[in-house]
Amino acid sequence: MKITKNLPIGIFDSGLGGLTVLKEIQELLPNENIIYLGDTARVPYGIRTPETIIKYSLSNTNFLIKKDIKLLVVACNTSSATSLESIREEFNIPVIGVIEPGAKMAASVTTNRNIGVIGTDATIKSSAYSKAIHSLNSSIEVTERPCPLFVPLIEEGWLNDPVTEAVAKRYLENMTVDTLVLGCTHYPLIKEVIGRVIGTNVKLVDSALSTALEVKSMLEKLDLLSNNNTNSTKFFVTDGLIRFKDIGRGFLSREIDDIEKIDL
Ligand code: DGL
């Protein structure tokens with residue numbers, strides 16, 4: 001199939017978190033059509049082994065490729081950390097993950113070369129962020145910490161809650177960094193709490209925005225920016241459509257209308 005300008009961008013995440021990336025892409029590129037897949041039947045990915053996460057990521061990609069997309073955005077840190085190579089080997093499509101854009105942004109804003117990274121167990125175990133940061137600047141000190149309780153707290157909607165704050169205090173104890181990468185698509189939703197706990201002087205790097213900027217620059221480079229005057233977003237989920245709509249409304253600050261449940 002020939003890749004052309006007005007085909008949609010495909011985005012997948014293990015569930016809802018990737019909506020933070022979708023939102024930034026839509027704000028930056030309002031003329032793009034988007035297809036979003038949330039693999040809500042198999043979330044969370046962050047507690048699984050790389051083999052399983054790769055298997056899930058390949059099946060998500062296969063589904064989106066069949067919808068004729070022009071670019072794939074892996075809007076899940078856990079999938080990006082473990083599966084990008086396998087996706088690129090298997091499919092012939094431009095692919096953007098969330099790790100490199102976040103790493104690039106962090107390396108460019110740190111002034112004391114001490115960067116912290118927080119994410120799921122699988123993301124932190126992969127060391128994908130420290131590898132990406134060190135490939136840009138090997139003199140940067142990277143402290144990585146898994147924060148597995150954040151995703152369920154966010155899914156529960158406890159965004160600005162004393163319990164979430166207490167958990168953040170435990171996870172972020174003694175982290176002396178000037179820049180902290182929110183290495184999980186859910187974490188921008190608790191940016192306020194994290195900022196309060198780590199200290200307002202610490203720069204928080206949100207990979208959602210840096211990924212959207214990367215999408216724009218790759219589409220420009222490939223001459224694939226859409227010249228549509230309209231845009232559409234179609235959502236697919238593998239389970240829990242009503243829950244996705246309800247919580248997704250909070251993530252996107254708008255209704256999710258065009259949505260379908262599918263089996264992969
Ligand atoms: N989307 C995942 C990530 O960005 C978090 C949720 C999960 O564990 O599946 O790492």
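A brief report on the enclosed structure follows. In this text, all values refer to a predicted model and were calculated from it rather than measured experimentally. (Residues numbered from 1 in each chain as written. Predicted model: local features only at pLDDT ≥ 70, side-chain atom pairs only at ≥ 80, totals over all residues. Heavy atoms only, no water.)

1. Thoughts on the pattern of salt bridges
Counted under the stated rule, the structure contains 14 salt bridges. Taking the shortest distance from any N to any O, the salt bridge between R42 and D39 comes out at 2.6 Å. D39 sits in the buried class, given a relative accessible area of 1%. The shortest N-O distance in the salt bridge between E255 and R249 comes to 2.7 Å. Bridged by salt links that share partners, the residues K234, D258 and E260 form one connected network. (Salt bridge = Lys/Arg side-chain N within 4 Å of Asp/Glu carboxyl O. Buried < 20%, exposed > 50% of the residue type's maximum accessible area, 1.4 Å probe, protein only.)

2. Overview of the pairing of strand 3 (residues 71-74)
Side-chain alternation along strand 3 places L71 and V73 on one buried face and L72 and V74 on a second face that is also buried. Pairing of strand 3 with strand 4 (residues 95-97) involves three bridges; the strand directions are parallel. Along strand 4, the bridge assignment pairs V73 with I96. This β-α-β element, strand 3 to helix 3 (residues 77-90) to strand 4, shows right-handed connectivity. (Helix = DSSP H or I, 4+ residues; strand = E, 2+ residues; numbered from the N terminus. Pairing = 2+ DSSP bridges. Right-handed = clockwise from strand over helix to strand, strands pointing away.)

3. With respect to the site of the ligand
Taken together, 13 residues form the shell around the ligand, and within it D13, S14, Y45, G46 and T78 come nearest. D13 places a polar side-chain atom, nitrogen or oxygen, 2.7 Å from a nitrogen atom of the ligand. Given that more than half its atoms are within 2 Å of the pocket grid, the ligand belongs to the second largest pocket. Grouping the constituent residues of the shell around the ligand by class yields five nonpolar, seven polar and one charged. (Near = heavy atom within 4 Å. Polar contact = N/O pair within 3.5 Å; in protein donor to acceptor, adjacent residues only side chain to side chain. 1 Å grid on protein atoms, 1.4 Å probe; cavity = no way out; pocket = protein on both sides within 12 Å on 5 of 7 lines; lining within 4 Å. Sits in = over half its atoms within 2 Å of the grid points. Nonpolar A, V, L, I, M, F, W, Y, C, P; charged D, E, K, R; others polar.)

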